[in-house]
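The chain contents come next:
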Amino acid sequence: MRLLILPLLLIHCALLHAQEQPTTHARPLADTVQADVLIDSLKRYVGTGRIEEALVLVPELEAVIAGIRTGGDHPALLPRRLQATKLEGIAHYRAGAYPKALDAFQRFQQVAELYGAPEHIGAAHNYQSYQYREMNDVPRAMEASRKAIAILRTLPPGDDLANALSGLTSIASDQGLYDSAVTYAREAVAIYARTGNDMNRGSTLLNMTDAFIQQERYDSALACVKRAMPLVEAAGNPYYLLIAHGQHGRALLATRQYVAAADELGIAERMAVELEDDESLGRIKDLRALISAQGNDPVAAIRQLQDGRDALIRDLDLAKVQEITEVRLKAEHEQEQQLAAIRLAEERQRRHHALIGGALVLLIALLLAWLLIATRRKNAQIIRAQQQVVEVEKQHEAEQVRTRIARDIHDDIGSGLTKIAMLGSEARQHVQEHSEELRGTLERIIGHSREVNAALSDIVWSVDPAHDTSEELVHHARNVAQRLLEGSGVAHELLFDHIDPAHPVAPGTKHHVVMVMKEAINNALKYAGAKHINVHLEAGGHHVKLVIADDGKGFDPEAMARAGNGLRNMRARAEAIGVRLTLHSTPGHGCTVEFDGSLA
């Protein structure tokens, strides 16, 4: 989904038109002419993808604009500052330097506010939303998108409003808010239809198709992708075509149109190979494996699955190679610059020595020492910067792998368990009334498949980085507690609260908290004979507190610790994440389990 909004920004920014710039005798003609020439060059470099050349021009353009002595809010200067900051942000965005791009777009917003141009202010908020999203700051991305939409709605609807709505579509889909995503997408599509922007209309329809697929509304997905197909074909963008054929094939597969699905996925597979898009190729191979399995060809299905895994492995390796290559090239470039500076200093040293003689030997030695210290400091800074880049990329790669694992488990194993439950229900309908034993067996199969499906959902939640917040921990723990206690016949009171919804929670921490809660509730239900159970969880603000209390028959904690694994498991989980586990119980007086400590 995220990749689909990138061309909207690139196309919109690459086709910028120069705004009229009134002249005045109060500023130097040479500076304004030079600024206009640099803006035109920067615009051309960004539009043609020559990002390195564009970034070289940015500081020169800033210096020239700063030299125009007409005042920071002069009406002739502001349009140039608008274009300069906007193009600078686009160049950094295209280079993947999202913090620098964010800074440029924030300055673009400030100039737009001085200029009194709401269309530019709204666009600035929208561009900032893209940067926050790339930096995985979803709350700020959504806030910036909503600010952009609120401002742009005061103007006649145009492409800027549609772009903001399309961006909000992707953010909502990432958070699982698919109904909202469809609503935003429909409004954006309607605006693009009025402005004649068929390429962006097609890409937004693909976003809406993905939301329908995630909701398993496959008929709506088929209708939506059929609307998008002629638009993306007319645009001639091969990446959009790959997405369109892949989505079409997936929706056809879900509606059991296997032959048509195989044709569409075959087209998508050929395009993925041509575009060298191994990630898309891996997903397509997985879908084709399902078709082979449905056709009772397990050998072909296994081969497709293996080919898909190989493609995903190549995609990971390619990313690593690219990362290492970029770091190496940057280091070599810096080293060449340093060597050139040292050679220049040595040449100057020889000339001074020839002209002045031995009297300047001491001064030259001091100069060389200064150069050596400066070079070492520069090298140390470069090494630290490279290490930070590598660590950030490793963390981002690990989150991508966790997301892929969660998606694979949900899509592959989850669909298989659902199919088992459906087949068991269908078989139960066909069993004769006198076959009580067989019906009982089917009921157990269905029950076990549902239990495994619930456990699978817990596993997906534990590995998906999208759920690594205190709000998600509290929400999931509440669902688990309700699932365990509903239908148990035991009265219960549940109190779940989060102090800081967006506070990050380590994957291991959230897993251990939920598992301790499940262990304590199961013990109370199975062994305590309790009539009432209270569960209280509070998370956020760097702290977590879990309390499970029952009025059951109680036990001797020392004797129980020697007899069973339950308490030992809970204590081991507490030690694993560095929190305190306390048990209060005596025979005949119930039990209270407290799990209290830092939320790392």
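In the block above lies the structure referred to throughout.
Residues numbered from 1 in each chain as written. Predicted model: local features only at pLDDT ≥ 70, side-chain atom pairs only at ≥ 80, totals over all residues. Heavy atoms only, no water.

Novice: Looking at this structure, I do not really get the overall build of the protein. What am I missing?
Specialist: Within the protein, the regular secondary structure consists of 21 helices and 5 strands. The 600 residues of the protein split such that 42% are buried. Of all intrachain contacts in the protein linking residues separated by at least 6 positions in sequence, the fraction that spans at least 24 positions is 65%. Total accessible area on the protein is roughly 31600 Å²; 55% of this is exposed by carbon and sulfur atoms. (Helix = DSSP H or I, 4+ residues; strand = E, 2+ residues; numbered from the N terminus. Buried < 20%, exposed > 50% of the residue type's maximum accessible area, 1.4 Å probe, protein only. Contact = heavy atoms within 4.5 Å. Areas by Shrake-Rupley, 256 points an atom, 1.4 Å probe, with all protein chains shown as cover.)

Novice: Where do I start with the packing of aromatic side chains in this structure?
Specialist: Ring pairs (aromatic) are described by centroid distance and by the angle formed between their planes. Counting across every chain of the model gives 4 aromatic pairs. A ring pair is formed by Phe 105 and Tyr 127, whose centres lie 4.9 Å apart and whose planes are at 40°; its orientation type is tilted. Taken together, the positions of Phe 105 in helix H5 (residues 98–115) and Tyr 127 in helix H6 (residues 118–134) put the pair 22 residues apart, joining distant regions of the chain. Classification of Phe 105 by relative accessible area gives buried; the value is 0%. Between Tyr 127 and Tyr 130 the ring centres are 6.4 Å apart and the planes differ by 40°, which places this aromatic pair in the tilted class. Note that Tyr 127 and Tyr 130 are positioned in helix H6 at a spacing of 3 residues, about one turn of the helix. Residue classification places Tyr 130 among the buried residues on the basis of a relative accessible area of 3%. Taken together, Phe 105, Phe 108, Tyr 127 and Tyr 130 form an aromatic cluster joined through their ring pairs. It is Arg 44 that lies over the ring of Tyr 45; its NZ or CZ is 5.7 Å from the centre. (Phe/Tyr/Trp six-rings, centres within 6.5 Å; stacked < 30°, edge-to-face > 60°. Lys NZ or Arg CZ within 6 Å of the ring centre and 35° of its normal.)

Novice: Would you explain the pairing of strand S3 (residues 543–550) in this entry?
Specialist: Each regular strand carries side chains that alternate between the two faces of the sheet. Across 8 bridges, the pairing between strand S2 (residues 532–540) and S3 is antiparallel. Bridge pairing in S3 links Ala 539 to Val 544. (Pairing = 2+ DSSP bridges.)

Novice: When you look at H6 in this model, what are you seeing that I'm missing?
Specialist: Helical geometry: 3.6 residues make up each α-helical turn, so side chains three or four residues apart lie on a common side. For H6, spanning 17 residues, the distance from its first C-alpha to its last is 25 Å, which sits close to the expected 24 Å at 1.5 Å a residue. With respect to burial, H6 is a largely interior element, 15 of its 17 residues being buried. (Expected span 1.5 Å × (residues − 1).)

Novice: Please explain the environment of Tyr 45 as it appears in this structure.
Specialist: Summarising the element assignment, Tyr 45 is placed in helix H2 (residues 29–47). Once the C-alpha coordinates of Tyr 45 and Leu 57 are considered, the two residues, 12 residues apart in sequence, prove to be 9.6 Å apart. Apart from the residues lying within four places of it in its own chain, the contact partners of Tyr 45 are Arg 50, Glu 53, Ala 54 and Leu 57.

Novice: Can you walk me through the environment of Gly 552 in this structure?
Specialist: When you line up the elements, Gly 552 lands in the loop between S3 and helix H20 (557–563). When its relative accessible area of 6% is taken as the criterion, Gly 552 is described as buried. Measuring from C-alpha to C-alpha, the distance between Gly 552 and Ala 524 comes to 7.2 Å, with 28 residues separating the pair along the chain. Not counting residues up to four positions away in its chain, the partners in contact with Gly 552 are Ala 528, Gly 529, Ala 530, Gly 588, His 589 and Gly 590.

Novice: Would you mind going over the pairing of strand S4 (residues 580–585) with me for this structure?
Specialist: Side-chain alternation along S4 places Leu 581, Leu 583 and Ser 585 on a buried face and Arg 580, Thr 582 and His 584 on a face that remains uncovered. The sheet contact formed by S4 and strand S5 (residues 591–598) spans 6 bridges and is antiparallel. Along S5, the bridge assignment pairs Ser 585 with Cys 591.

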